[in-house]
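# Secondary and tertiary structure notes
Take a look at the letters that make up each chain.
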Amino acid sequence: MEPRVLVVDDEKTLRGILTTVLGESGYDVLAVESGEEAITRAPDFGPDVALLDLRLTGIDGVETMERLRDSLGPAAPVFIIMTAHGTIRSAVDAIRKGALDYVTKPFDNDELKLTVLRAVQLRRLERRVEVLESQLEDRFRPENMVGQSGAMDAVFRMTGKIAPLDTTVLISGETGTGKELVARAVHRHSNRKDGPFVTVNCGAIPPTLMESSFFGHERGAFTDAKTARRGAFEQANGGTLFLDEIGELSPAAQAGLLRALEEGEIRRVGGERAIPVDVRFIAATNRDLQAEVEAENFREDLFWRLNVLAIHLPPLRERPEDIAPLVDHFVAAHAERLGLAPKPLDPAALSLLIAYEWPGNVRELENALESSLALATGPSVTAADLPARLRGAGAGGAAHGSGADVPSQATLADAVERARAAVEERMILDALREADGNRTRAAERLGISRKTLFNKMRERGLL
């Protein structure tokens, strides 16, 4: 679709010239003579760019711009002001109020077309960002937190309680369990939901750049600092700063972070001015930070500053009952994204998924389902469509148990029950082995009562 330009000028001749010049450049042009008419017709026209004369009969160009922005909201165009040499100061004031640029009359046609092109490119970029933000919101909306196990129900309830409380949160769990998903859910249900959500992967930043990444730097602060730059703290001002893999921070970075958390202000590298920041902190780690404190690898005072409210995400292998609903969710999501018909998993395939150890947790499950769905040629995803490692053919993380040995005539419920039994038996045996046969300690490790453990052992023929 051709980019649309709204021209607002009370000179008929100039409206005609602009319509011709911009029309020859491939734009769809609507030219009107007043701000009032522009406000009336803009919603139906849907302009990408509005070219406004500063001096108009009736409301002037600046008021027209402001009223168009108020009425159109996110659909408002990018504004360019047309002005005479004697009113350039007023045009600059219009830029302060939100216009992209201004052109002076009489204008050069090439200069005008270049300015309009810049505005069109900016509008396209804005719309692309809107689409990406919408997709991001869809991906991280709470409905995408899938699970029916008791462990995940506890996570959902804790997330709901924590979100409105404007205090620090520590999320723990193995890689791939969905820590960022929970962090974004907390942000989206907090009083800061309209503010920014800024992520810093602490494990991916070189130690020499950590301070600059957190706090920003002033121009000339170091060799490559050719311009001033805001750090993550300033970028997240008014919103949430998510510090992922915080256990990877160096001692020096831990000290700087603690100071910023306690003082509520930062100083850019090379700067002298203290900059106040209003940020909610959510940290995540795949390490046992308490053990890291005891090993003197993580500051105890920082640990307690972060560990105000805590959420722990259990690994997928400890909640096999969540695999079936996760399968349904990911198959539907990836089928829609890939333009494919959703394909159910046959009982043998689902049994393999339930029996697998999932060292990569939910992220590994999602990737396995995406590839299997893309490669499956039949009406359903079969065991043969799954990655080799899930069929026990790969090295490491092989499938366990006999859950894959499902008769072809078995129902889905049969497959799930067989796999559940295999997983239960393996977990019970592992717990007993680690507890040196002590059933009380094994039951505590499994999160069940000693009586329940005894009943399950008898049911599985382990007595």
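Tallying secondary structure elements over the chain gives 18 helices and 12 strands in all. Buried residues in the chain amount to 44% of all 463 residues. Considering only intrachain contacts with a sequence separation of at least 6, the fraction spanning at least 24 residues in the chain is 69%. Here the chain has roughly 23400 Å² of accessible surface; of this, 49% comes from carbon and sulfur atoms.

A word on the layout of surface pockets. Put simply, the second largest pocket is a space of about 700 Å³. Arg317, Glu318, Pro320, Met427 and Leu446 are, among the 24 residues lining the second largest pocket, the residues nearest its centre. Counting only elements with at least two residues in the lining of the second largest pocket, the list comes to α6 (150–162), α16 (412–434) and α17 (439–446). It is α16 that contributes the most residues to the lining of the second largest pocket, 9 residues altogether. Considering only residue class, the lining of the second largest pocket consists of 9 nonpolar, 3 polar and 12 charged.

Strands sit in the order β2-β1-β3-β4-β5 across an open sheet of 5 strands; the sheet is parallel. Of all the strands in the sheet, the pair left with one neighbour each is β2 (28–32) and β5 (101–105). The sheet shows a mean angle of 20° between the axes of neighbouring strands, taken without regard to direction. Note: strand β1 (residues 4–8) against strand β3 (residues 49–53), 4 bridges, orientation parallel. When the bridges of β3 are listed, Val5 appears paired with Val49. Its contacts with the sheet put helix α2 (residues 35–45) on β1 and β2, and the angle it makes with β1 is roughly 170°. Packing of helix α4 (residues 88–96) onto the sheet brings it into contact with β4 (78–84) and β5, and relative to β5 it is tilted by some 160°.

Now for unusual backbone geometry. Of the consecutive residues Lys105 and Pro106, the connecting peptide bond is found in the cis state with omega at -10°. For Pro106, the position within the fold is in the loop between β5 and α5 (109–140). For Glu245, which is not glycine, the phi dihedral falls at a positive 50°. By secondary structure assignment, the location of Glu245 is in the loop between β8 (240–244) and α10 (251–263). Residue Glu245 is classed as buried on the basis of its relative accessible area, which comes to 13%. The residue Trp358 is not glycine, and still its phi comes out positive at about 55°. Looking at the element boundaries, Trp358 is found in the loop between α14 (347–355) and α15 (361–375).

The subject of this paragraph is the pattern of salt bridges. This structure, assessed with the given rule, holds 22 salt bridges. Residues joined in a network through salt bridges with shared partners are Asp9, Asp53 and Lys105.

This part is about the packing of aromatic side chains. In total, this model carries 7 aromatic pairs according to the counting rule given. Between the aromatic rings of Phe303 and Trp304, the centroid separation amounts to 4.8 Å while the plane-to-plane angle is 65°, which identifies the pairing as edge-to-face. An aromatic cluster is built from Phe214, Phe215, Phe233 and Phe281, whose rings are joined through pairwise contacts. Here the basic side chain of Arg4 rests over the ring of Phe45, its NZ or CZ set 5.6 Å away from the ring centre.

Okay, the nonpolar core next. Residues Phe214, Phe233, Leu241 and Leu243 are the most contacted members of the largest nonpolar core, which totals 32 residues. Elements represented by at least two residues in this core include exactly β7 (197–201), α8 (207–215), α9 (232–235), β8, α10, β11 (280–285), α11 (289–294) and α12 (300–306). With 5 residues, α10 is the single largest residue contributor to this core. Setting aside its immediate chain neighbours within four residues, Phe233 contacts Phe214, Phe215, Leu241, Leu257, Ala260, Ile266, Val277, Val279 and Phe281. Counting residues in each nonpolar core, the second largest holds 26 residues, with Ile323, Val327, Val331 and Val381 among its members.

A few words on the pairing of β3. Where burial is concerned, most of β3 is hidden: 5 out of the 5 residues are buried. The alternating pattern of β3 places Val49, Leu51 and Asp53 and Ala50 and Leu52 on opposite faces, both of which are buried. Note that β3 and β4 share 5 bridges and pair parallel. Across the sheet, the residue bridging to Leu52 is Ile81, located in β4.

A separate point is helix α13 (residues 323–338). In an α-helix, one turn spans 3.6 residues, which is why side chains three or four residues apart end up on the same side. Given a rise of 1.5 Å per residue, 16 residues ought to cover 22 Å, and the 22 Å separating the end C-alpha atoms of α13 matches this to within 8%. Inspection of α13 places Ile323, Pro325, Leu326, Val327, Phe330, Val331, His334 and Ala335 among the buried residues, and these make up the whole buried set. Residues of α13 that are buried in the fold lie against α14 and α15. Among the residues trailing α13, Gly339 stands out with phi positive, at a value near 70°.

Ordered by their spatial adjacency, 5 strands build an open sheet running β7-β8-β11-β6-β12, and the pairing between neighbours is parallel. Only two strands of the sheet have a single partner each, and these edge strands are β7 and β12 (309–313). Taking the axes of each pair of neighbouring strands and ignoring which way they run, one obtains an average angle of 15° across the sheet. Bridging between β7 and β8 involves 5 bridges; their strand directions are parallel. Its bridge partner being in β8, Thr199 is matched across the sheet by Phe242. Sheet strands in contact with α6 are β6 (169–173), β11 and β12, and its direction is about 155° off that of β12.

If you trace the backbone, Ser71 turns up in helix α3 (residues 61–72). When the C-alpha atoms of Ser71 and Pro43 are compared, they prove to be 8.3 Å apart, with 28 residues separating the residues in sequence.

Reading guide: rules and limits
- Residues numbered from 1 in each chain as written.
- Predicted model: local features only at pLDDT ≥ 70, side-chain atom pairs only at ≥ 80, totals over all residues.
- Heavy atoms only, no water.
- Helix = DSSP H or I, 4+ residues; strand = E, 2+ residues; numbered from the N terminus.
- Buried < 20%, exposed > 50% of the residue type's maximum accessible area, 1.4 Å probe, protein only.
- Contact = heavy atoms within 4.5 Å.
- Areas by Shrake-Rupley, 256 points an atom, 1.4 Å probe, with all protein chains shown as cover.
- 1 Å grid on protein atoms, 1.4 Å probe; cavity = no way out; pocket = protein on both sides within 12 Å on 5 of 7 lines; lining within 4 Å.
- Points joined across faces, edges and corners; volume = space filled by probe spheres on them.
- Nonpolar A, V, L, I, M, F, W, Y, C, P; charged D, E, K, R; others polar.
- Pairing = 2+ DSSP bridges.
- Axes fitted to C-alpha atoms, helices over the stretch in contact; angles between N-to-C directions.
- Salt bridge = Lys/Arg side-chain N within 4 Å of Asp/Glu carboxyl O.
- Phe/Tyr/Trp six-rings, centres within 6.5 Å; stacked < 30°, edge-to-face > 60°.
- Lys NZ or Arg CZ within 6 Å of the ring centre and 35° of its normal.
- Core = buried A, V, L, I, M, F, W, Y, C linked by side-chain atoms within 4.5 Å.
- Expected span 1.5 Å × (residues − 1).

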